[in-house]
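# Chains, contacts and geometry: an overview
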Amino acid sequence: MIPVGKLLLSVFASVAAFGLWKLFQLVYHEITSPLRHLPGPKATSWIYGNLGDISKVPYSFHHDQENSVLHEQWIKEYGHTLKCKGLFSRNRLFTMDTRAINHVLIHSTDYQKPSQARYFLSQILGEGVFFVEGAQHRQQRRIMNPAFGPAQIRDLTSIFFTKAIQLRDIVSSEVSKDPTANTTGARIDIMPWLSRMTLDVIGLAGFNYNFDALNANEKPNELNEAFSTILNAVQGFSIFHALQAWIPPLRLIPTDRAQKMQVAQRSMARIGNELVTNAKATARAGATEKGEIEKSSLHGRDLLTLLVTANMATDIPESQKLSDVDVLAQVPTFLVVGNESTSAATTWALYAMTLAPEVQTKLREELLSADTDTPSMDDLMALPYLDAVVRETLRVDPPVPTTLRVAMKDDVLPLEKPFTDKNGIVHDGIRISKGDSVFIPILTMNTSEELWGPDAHEFNPERWRNLPESVSHIPGVWGHMLSFLGGPRACIGYRFSLVEMKAILFTLVRAFEFELAVPASEIGHKSTLVQRPVLRGDPTNKPQLPLLIKPYQRGIATSPCKEVSTAYGQVTL
């Protein structure tokens, strides 16, 4: 028998050797990559590269996100195409060239998520459509696309409004407890309530599961607790977590964080299997007299049942079906992405309107012109100023401000505009080596003064009346922006998120007036999975948005807006 000491020493030596090999690969790649010739800022830390510089940038405007401020400084100093330093001072290509970014997004097989990011995502989202790459992603995406089409979202709109109205009534109840609510407003942190509401929605619309998260008096159910455990576990960052992503053997070292996540993942997997089983039973219930399940029976189901029914349908080819394992992998993906992004975006919309009360007033007038609390999806999407407010929110405060891709082969990125390298040589393309990182500056592109005009950083829904021609070159799937990315890996659920967000704003803004409960200068931005507001002076750094909320009383509030303009162009989904 091998002594324990020798075994541990052998394991340590293997990990160390693997780490040294990875370090050699990293150094060799950096000194041979063509990115070394690009201009750019020097790393201020070997470990953090330029990432630590973000916290040193001063707060400068209402909606500034510190990373965007820093990126703009780089662009002014080094031009539109440059390099910056990521973790362990690895070079990253940073470009604002729309043609180059379009090339990266369109050729998604050649530019994939970094393996380290995929490891991180797999711990949270499982190995669903957001995790897989290449042919597997194309297959999953092709099969899942119908579940997120306009017809399917139209059938889910009633769920959005049912939960939005429940949230409205809960907020109304909370406001009524404050005797000063009608004058100064009741102080309420709106963020946790929005998160609960969107969690309820994705439970019902995603897989016919009732989280009942809005019922604060009930103990959270098992899936809710597992979901919360995973989200809480990824809030912090440490060098050891980064090393685990880079050096797989380190993942074998047990940590309290890993153990909690494993327990939560097992719970989610078990409940996910139950949900798939229930979805199969629902699909069988819709079978014909001959026991056949037809494609036509897919209409009007939750997303999971839709996928399961498609898998069981006898008139759909096998190539258009997912395995049970692949279907199960979508459960945490639906759960996390469907909840986090919409609640964050809606939070930022309310924040923006507290800083621009005239926008809030004008939007309310448009919404009150509707003669129902539950408009259809088509009627909701036909409200032009609501559409402008949502677009402007997602432009200025996208839930995910940046993303990263890694080249899977040597390539040359085409450019709209040539750039000059640090040796003074002009290039009309960017040479890329296999393994090079490409930074996608979503927020910086969304707020570029060169593209959007001198007021690019301001929250101004009126800009959607007449957009500058330059933004038409931004390669986004929706709204001339990168908030939902573009190309084959564009956000598959963007329609779902847009309609849900509009339903929430429709319901809340009709019922309440919102003011910020703290000075705007105290609101900062924190990114984990998505970007959320935090209080700068709060040592816990907990995401929150405290608002003063009071009931809106028709005929009492005054407004400078006497009519709602419809000159915002065609509203499309």
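If you're wondering where the values come from, they're calculated on a predicted model, not measured in any experiment.

## Some details on the overall build of the protein
If you tally the helices and strands in the protein, you get 18 helices and 12 strands. A burial count over the protein gives 55% of its 573 residues as buried. Contacts in the protein between residues far apart in sequence, at least 24 positions, make up 74% of those at least 6 positions apart. Surface accessibility of the protein: about 25200 Å² in total, with carbon and sulfur atoms responsible for 55%.

## Points about the pairing of strand 9 (residues 512–516)
When a strand is regular, its side chains alternate between the sheet's two faces. Of the two faces of strand 9, the one lined by Phe512, Phe514 and Leu516 is fully buried and the one lined by Glu513 and Glu515 carries no buried residue. Pairing of strand 9 with strand 12 (residues 546–551) involves 5 bridges; the strand directions are antiparallel. By the bridge assignment for strand 12, Phe514 is matched with Ile549.

## Re the packing of aromatic side chains
The tally for this structure, following the rule as stated, stands at 12 aromatic pairs. Ring centres of Phe484 and Tyr494 lie 5.7 Å apart, and the angle between their planes is 45°; on these two criteria the pair is classed as tilted. With Phe484 in the loop between helix 17 (449–452) and helix 18 (494–511) and Tyr494 in helix 18, this residue pair connects regions lying 10 residues apart in the sequence. The class of Phe484 is buried, set by a relative accessible area of 10%. Measuring from centroid to centroid gives 6.2 Å for Phe512 and Phe514, while their planes differ by 70°, and the two rings are edge-to-face.

## Re the sheet that holds strand 9
Read across the open sheet, the 3 strands follow the order 4-12-9; overall the sheet is antiparallel. The open sheet is flanked by strand 4 (186–189) and strand 9, the only strands paired with a single partner. Strand-to-strand twist of the sheet, defined as the mean angle between neighbouring strand axes without regard to direction, takes the value 40°. Of the pairings in the sheet, the one linking strand 4 to strand 12 comprises 4 bridges and is antiparallel in character. Residue pairing in the sheet places Ala186 in a bridge with Ile549 of strand 12. On top of the sheet, helix 12 (residues 324–355) reaches strand 9 and strand 12; it is set at about 80° to strand 9, its chief contact.

## Let's talk about helix 5 (residues 134–144)
Every buried residue of helix 5 is listed here: Gly134, His137, Gln140, Arg141, Ile143 and Met144. Contacts from the buried residues of helix 5 go to strand 3 (111–112), helix 11 (303–312) and helix 12.

## Description of the confidence of the model for the protein
Mean pLDDT over the protein stands at 85; residues scoring 70 or higher make up 86%. Contacts for the low-pLDDT stretch residues 57–64, under 50 throughout, to residues beyond four places or in other chains number 27 contacts. Scored below 50 in pLDDT, residues 557–567 makes 21 contacts in the model with residues more than four places away or belonging to other chains.

## A short note on the sheet that holds strand 1 (residues 81–85)
Sheet architecture is open: 5 strands sit in the order 1-2-8-5-3, paired in mixed fashion. With one partner strand each, in any of the chains shown, strand 1 and strand 3 form the two edges of the open sheet. In terms of strand pairing, strand 2 (residues 91–95) meets strand 8 (residues 437–440) through 3 bridges, oriented parallel. If you follow Arg92 over to strand 8, its bridge partner there is Ser437. Strands strand 2, strand 3, strand 5 (403–407) and strand 8 of the sheet are contacted by helix 3 (residues 98–106), whose axis makes an angle of about 115° with strand 8.

## Some details on the pattern of salt bridges
Here the structure, examined in full by the defined rule, presents 20 salt bridges. Here Glu133 ties to Arg489 by a salt bridge, and the two come within 3.2 Å at their closest N and O atoms. Of this pair, Glu133 sits in the loop between helix 4 (115–125) and helix 5 while Arg489 sits in the loop between helix 17 and helix 18, placing them 356 residues apart in sequence. Note on Glu133: relative accessible area 11%, which makes it buried. Across the salt bridge formed by Lys417 and Glu450, the nearest N and O atoms sit 2.6 Å from each other. Taken together, the residues span a long stretch of sequence, with Lys417 in strand 6 (residues 411–420) and Glu450 in helix 17 at a distance of 33 residues. If you follow the salt bridges from partner to partner, you end up with Arg168, Asp169, Asp373 and Arg510 in one network.

## Observations concerning the packing of helix 7 (residues 190–207) against helix 18
Across the interface, helix 7 lies against helix 18 with an axial gap of 12 Å and an inter-helix angle of 130°. In terms of orientation, helix 7 and helix 18 fall into the oblique class. Where helix 7 crosses over helix 18, the two elements pack in a sense that is right-handed. Along the contact surface, helix 7 presents Leu194, Met197, Thr198, Val201, Ile202 and Ala205, while helix 18 presents Phe496, Glu500, Ile504 and Leu508. By residue class, the composition of the contact of helix 7 with helix 18 is 8 nonpolar, 1 polar and 1 charged.

## Thoughts on the nonpolar core
Phe207, Leu304, Leu335, Leu350, Ile432, Phe496 and Ile549 are the most contacted members of the largest nonpolar core, which totals 143 residues. With residues near it in sequence (within four places) discarded, Phe496 still touches Ile153, Leu156, Phe160, Val201, Ile202, Ala205 and Leu303. Of all hydrophobic cores here, the second largest spans 7 residues; its members include Phe88, Ala242, Ile247 and Leu250.

## Details of unusual backbone geometry
You will see that Asp212, though not glycine, has its phi angle at about 55°, which is positive. The topology assignment puts Asp212 in the loop between helix 7 and helix 8 (222–233). Using a relative accessible area of 26% as the deciding quantity, one classes Asp212 as partly exposed. In this structure, Leu485 is a non-glycine residue whose phi angle is positive, near 60°. Among the secondary structure elements, Leu485 is positioned in the loop between helix 17 and helix 18.

## Thoughts on the pairing of strand 5
With respect to burial, strand 5 is a largely interior element, 5 of its 5 residues being buried. The pairing of strand 3 with strand 5 spans 2 bridges and is antiparallel. Bridging from a neighbouring strand, Gln112 pairs with Val406 of strand 5. Two elements, strand 5 and strand 8, share 4 bridges in a ladder whose sense is antiparallel. Following the sheet pairing, Thr403 is matched in strand 8 by Ile440.

About the cut-offs
Residues numbered from 1 in each chain as written. Predicted model: local features only at pLDDT ≥ 70, side-chain atom pairs only at ≥ 80, totals over all residues. Heavy atoms only, no water. Helix = DSSP H or I, 4+ residues; strand = E, 2+ residues; numbered from the N terminus. Buried < 20%, exposed > 50% of the residue type's maximum accessible area, 1.4 Å probe, protein only. Contact = heavy atoms within 4.5 Å. Areas by Shrake-Rupley, 256 points an atom, 1.4 Å probe, with all protein chains shown as cover. Pairing = 2+ DSSP bridges. Phe/Tyr/Trp six-rings, centres within 6.5 Å; stacked < 30°, edge-to-face > 60°. Axes fitted to C-alpha atoms, helices over the stretch in contact; angles between N-to-C directions. pLDDT = per-residue confidence, 0-100. Salt bridge = Lys/Arg side-chain N within 4 Å of Asp/Glu carboxyl O. Parallel < 35°, antiparallel > 145°, perpendicular 65-115°, else oblique. Left-handed = near helix turned anticlockwise from the far one by under 90°. Nonpolar A, V, L, I, M, F, W, Y, C, P; charged D, E, K, R; others polar. Core = buried A, V, L, I, M, F, W, Y, C linked by side-chain atoms within 4.5 Å.

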